[in-house]
Structures are given as C-alpha cells and as structure tokens.
Amino acid sequence: MTTTPEKTAPEKTDGRTALVELDDVSKYYGNIRALEGVSLEVHAGEITCVLGDNGAGKSTLIKIIAGLHRHDAGGFRIEGEDVSLNNPREALDRGIATVYQDLAVVPLMPVWRNFFLGSEPTKGKGPFKRLDVEKMRATTRAELLRMGIDLRDVDQPIGTLSGGERQCVAIARAVYFGAKVLVLDEPTAALGVKQSGVVLKYVAAARDAGLGVVLITHNPHHAYLVGDRFVLLKRGTMTGSHLRSDITLDELTRQMAGGSELEELSHELQRAPDPGHLGGPSDKE
C-alpha cells in the first residue's frame, strides 16, 4: 500500500526573495487550532496553489495573507520584511489584493463603476469637482482588453455578466491598481467547465504580467493546469508542499483525496461476499 508522504518544507527558488513567505505559521481561536505549521512561498510570475477540502484551513490562510487576521506564531514576510498585518488596508498598501469567492460588486452598477469602486478618479475643483466618467470608461475598456477580456459594453450592469466574466473583471482591476500579489479564493468553485477555463486563462495572464498568484482551490485538475507550486492542507496542517516538476497530476489528486486513507476506505466499502453465492448447492437442487 502506498503511504501518504510526510510534510515537507517548501522548496527555495534560486535564492530569490519571495513576494510573500509564510514560515510555520499558526493561528488559534481559543483552544481551537485553525492553522498550524503552514509554510509557503509566492514568487513574481508564479502561481502557488493551496489545495484542501472544506475545513482544511484555506479560509484562515487567506485571512492572514489579506490582513483580516493576525497570525499567532511563525514568520510572515513580504519581500523579505517580517510583518504582522493589522487590517486589509495594510495588505493592499503592500501590494496584496484578494479576490473573494463572493465578489464584492454592486450588481446594478455598470462594469466601469465597479472597476473603480472606492477609488474613483475625479476632475474639476471645489463645487465643480465631479467623477471623471470618461476616464473610468476608457480605462476600464483598455485594461480589460490588455488582459484579453473583450466585453461588449462596459456600461452594462456587472450583474448581467457571467460568473467567470465577473471574476475576470476583478482580476483585471487588481492588476490595474498595482497589485504585486493576487490571492484568489476558489475562483472556479461555482463555475462550469467552460467558464472555469476562461477564469484560469486570466489567472495565467496575471502570472504572465509578473504578479505572484495564490490560487485557493479544492480542484487538483484546475490547480495542475496553471500551478507552479502546490501546498496541501488538511484539518489546519500542511500535508505536502511540491514544485510542479516534482509531482504528477495523478499523485497530486491522490494526496488531495486522502492517499492511503482513501485506499483503506475503498477496502471497507467493497461488497462482502454473498453467502448464497459461495459455490455450494443451489436452492433448486
């Protein structure tokens, strides 16, 4: 029987300074262990995938990187500097943008307004100061096209877009506002195959634009399509850390599914032999 590999530390890459690095990070809520001893690296132009089922600790990890929660133990470094973020604004100021699964958009507002939501440019002074609508429309259209997103009309309500298109707008927005690290919370979880492919295409485009990407997912097939590094979580602990060159999709899927635990379960679920079909005389004889 194949055994589940022991937890390993993330591999260093050519001595480069990681954009974000977690080193044995832990988080506790009272006596509850939400995360313990988790390490990962995020480099420019690479995608680090964090895989795990519900309850694995993915949400807690996102909140630490995004500045929503402070870690209780271990090291958290941004471009080599030890940090302890107090709020999401500090994370944004340091170039970390997080796109959550429940996108923070206003469905009835046009695409361009959502693109600049909270950061609207203005023109004029004093009582004549007003939103620079022309600039927002033109910039939104240009930035989406630069990412390869060709929307029919940036004036349409963002709520009329598909889930995949809304994710892509959020990615383009983060790139435009200067993000160095893009954290994506299950961006394909509620999407079909075609829309998932569209989102992964733009995730790769963000990587190619030089961003470091953290892709949170429970789908090893999606992760393996774009990932450079893979960190596996289970019940708040790290069960594996691999470079793409060191693991196959089948092995990643096996570890994600539980490895030896799944094999043991398959044996337990095998149908027991029917006593009436053991090769003895039949009832008709």
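Computed from a predicted structure; not experimentally measured.

(A) Geometry of the pairing of strand β3 (residues 47–51). Within β3, 5 of the 5 residues are buried, which leaves it mostly tucked inside the rest of the structure. Of the two faces of β3, the one carrying Ile47, Cys49 and Leu51 and the one carrying Thr48 and Val50 are both buried.

(B) The arrangement of helix α6 (residues 193–208) in detail. Given a rise of 1.5 Å per residue, 16 residues ought to cover 22 Å, and the 23 Å separating the end C-alpha atoms of α6 matches this to within 8%. Taken together, the buried positions of α6 are Ser196, Val199, Leu200, Tyr202, Val203, Ala204 and Ala206. In this fold, the buried residues of α6 make contact with β3, α5 (163–176), β9 (181–185), β10 (212–217) and α7 (220–226). The positive-phi residue at the C-terminal boundary of α6 is Gly210, with phi of around 100°.

(C) Expanded view of the pairing of strand β11 (residues 229–234). Across the 6 residues of β11, 5 count as buried, placing the element largely inside the fold. One ladder, built from 4 bridges, connects β3 with β11; its direction is parallel. Bridge pairing links Thr48 to Arg229 in β11. One ladder, built from 6 bridges, connects β11 with strand β12 (residues 237–243); its direction is antiparallel. For Arg229, the partnering residue across the bridge sits in β12 and is Leu243. Where β11 folds back onto β12 in an antiparallel hairpin, the turn is made up of 2 residues, including Arg235, whose phi is positive at roughly 50°.

(D) Quick look at α5. Taking 1.5 Å per residue, 14 residues should reach 20 Å; α5 reaches 20 Å between its end C-alpha atoms and fits that length. When α5 is considered as a whole, its buried residues turn out to be Gly164, Gln167, Cys168, Val169, Ala170, Ile171, Ala172, Ala174 and Val175. The inward-facing, buried residues of α5 abut β6 (96–99), α3 (111–115), α4 (133–146), β9 and α6. Gly178, located one to two residues past α5, shows a positive phi value of around 85°.

(E) Representation of the pattern of salt bridges. Counted according to the given criterion, the structure contains 17 salt bridges. Two residues, Glu41 and Arg229, come together in a salt bridge whose shortest N-O distance is 3.9 Å. Residue Glu41 is located in strand β2 (residues 32–42), and its partner Arg229 is located in strand β11; the two are separated by 188 residues in the primary sequence. Across the salt bridge formed by Arg229 and Glu46, the nearest N and O atoms sit 2.9 Å from each other.

What counts and how
- Residues numbered from 1 in each chain as written.
- Predicted model: local features only at pLDDT ≥ 70, side-chain atom pairs only at ≥ 80, totals over all residues.
- Heavy atoms only, no water.
- Buried < 20%, exposed > 50% of the residue type's maximum accessible area, 1.4 Å probe, protein only.
- Helix = DSSP H or I, 4+ residues; strand = E, 2+ residues; numbered from the N terminus.
- Expected span 1.5 Å × (residues − 1).
- Contact = heavy atoms within 4.5 Å.
- Pairing = 2+ DSSP bridges.
- Salt bridge = Lys/Arg side-chain N within 4 Å of Asp/Glu carboxyl O.

Structural measurements only, silent on function.
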